[in-house]
Amino acid sequence: MKKERLIAFTDAVLAIIMTILVLELDRPAAPTIQAFLALGQNYFAYFLSFFWLGSLWIALNGIWELVARINNKVVWWNLVLLFLASFMPYATGLVSTYFMSRTVQAFYGLIVILTTLCNWMLHKVLDQPNADQPELLKETAAYRKLLLPDIAIKCVGLVLAILVYPPAMMIAVLLAAVVIISARIRMNS
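The structure presented is a predicted model; accordingly, all values stated were derived computationally and were not measured.

Novice: Please set out the pattern of salt bridges residue by residue, giving values where relevant.
Specialist: Applying the stated criterion to the full structure yields three salt bridges. Between Arg144 and Asp127 there is a salt bridge, and its shortest N-O distance comes to 3.2 Å. Taken together, the residues span a long stretch of sequence, with Arg144 in helix α7 (residues 134-163) and Asp127 in the loop between α6 (102-125) and α7 at a distance of 17 residues. When sorted by exposure, Arg144 lands in the same class as Asp127, which is buried. Note that Asp150 and Lys154 form a salt bridge whose closest N and O atoms lie 2.7 Å from each other. Remark: Lys154 and Asp150 occur in helix α7; sequence separation between them is four residues, near one turn of the helix. No difference in accessibility class separates Asp150 from Lys154, as the two residues are buried.

Novice: Give me the lowdown on the packing of helix α1 (residues 3-23) against helix α5 (residues 88-97), citing residues and values where you can.
Specialist: Running from N to C, α1 and α5 point in directions that differ by 20°, and their axes come no closer than 8 Å. In terms of orientation, α1 and α5 fall into the roughly parallel class. α5 is crossed by α1, and the crossing has right-handed handedness. Residue-level inspection shows Ile17, Ile20 and Leu21 of α1 in contact with α5, the latter providing Met88, Pro89 and Thr92. Split by residue class, the contact of α1 with α5 holds five nonpolar, one polar and no charged.

Novice: Which residues make up the side chain of Asp150, and what are the values?
Specialist: Its relative accessible area of 5% is what places Asp150 among the buried residues. Among all residues touching Asp150, those that are not within four sequence positions of it are Thr116, Ala176 and Ile180.

Novice: How would you summarise the side chain of Lys154 if you had to cite specific residues and measurements?
Specialist: A residue is classified by how much of its surface remains accessible, and Lys154, at 2% relative accessible area, is buried. Polar side-chain contacts of Lys154 include one of 2.8 Å to the side chain of Thr116. Side chain to side chain, Lys154 and Asp150 meet in a polar contact 2.7 Å long. Residue contacts for Lys154: discarding those within four places in its chain leaves Trp52, Val112, Ile113, Thr116, Met169, Ala172 and Ala176.

Here is what the cut-offs are and how they apply
- Residues numbered from 1 in each chain as written.
- Predicted model: local features only at pLDDT ≥ 70, side-chain atom pairs only at ≥ 80, totals over all residues.
- Heavy atoms only, no water.
- Salt bridge = Lys/Arg side-chain N within 4 Å of Asp/Glu carboxyl O.
- Helix = DSSP H or I, 4+ residues; strand = E, 2+ residues; numbered from the N terminus.
- Buried < 20%, exposed > 50% of the residue type's maximum accessible area, 1.4 Å probe, protein only.
- Axes fitted to C-alpha atoms, helices over the stretch in contact; angles between N-to-C directions.
- Parallel < 35°, antiparallel > 145°, perpendicular 65-115°, else oblique.
- Left-handed = near helix turned anticlockwise from the far one by under 90°.
- Contact = heavy atoms within 4.5 Å.
- Nonpolar A, V, L, I, M, F, W, Y, C, P; charged D, E, K, R; others polar.
- Polar contact = N/O pair within 3.5 Å; in protein donor to acceptor, adjacent residues only side chain to side chain.

What follows is the structure in structure tokens.
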């Protein structure tokens, strides 16, 4: 398989997942400002999930530019990543409805953490068929290093969501995004 086909497939699946997210939003009980404000948790969950998926897409597109070749491992890890990411609309809908549920926040967190781990693995398996691409190897190593504090923050959020405060999971996803974005800005300066 050529990398272009995998990129097109990945882009299409992520675009569909991001589009489906909006379908999970509840409608306001009435056409009033108060009814819209009452759905604040829904909008927060949608915002967080959309931009989290968007940042995944941006990171993948950035790395694909440097990829010369793919192999079966790359295809399969990419497929597993997309499979896990496809749960985001469902998890977002649940967390929107049951925002204070430890179980639902843990489910959301597991989807995010497992998807992030698959992203880490995808960046690892890209190295083998591209061993002669020093710029790619440097970028994948840097990105995997960047994902380690991201994963740690999300794991802490998962534990806090289960034991202390359920929305800690979503707060951790937001915090991890801020850390990643800040680190990327520092790297590019």
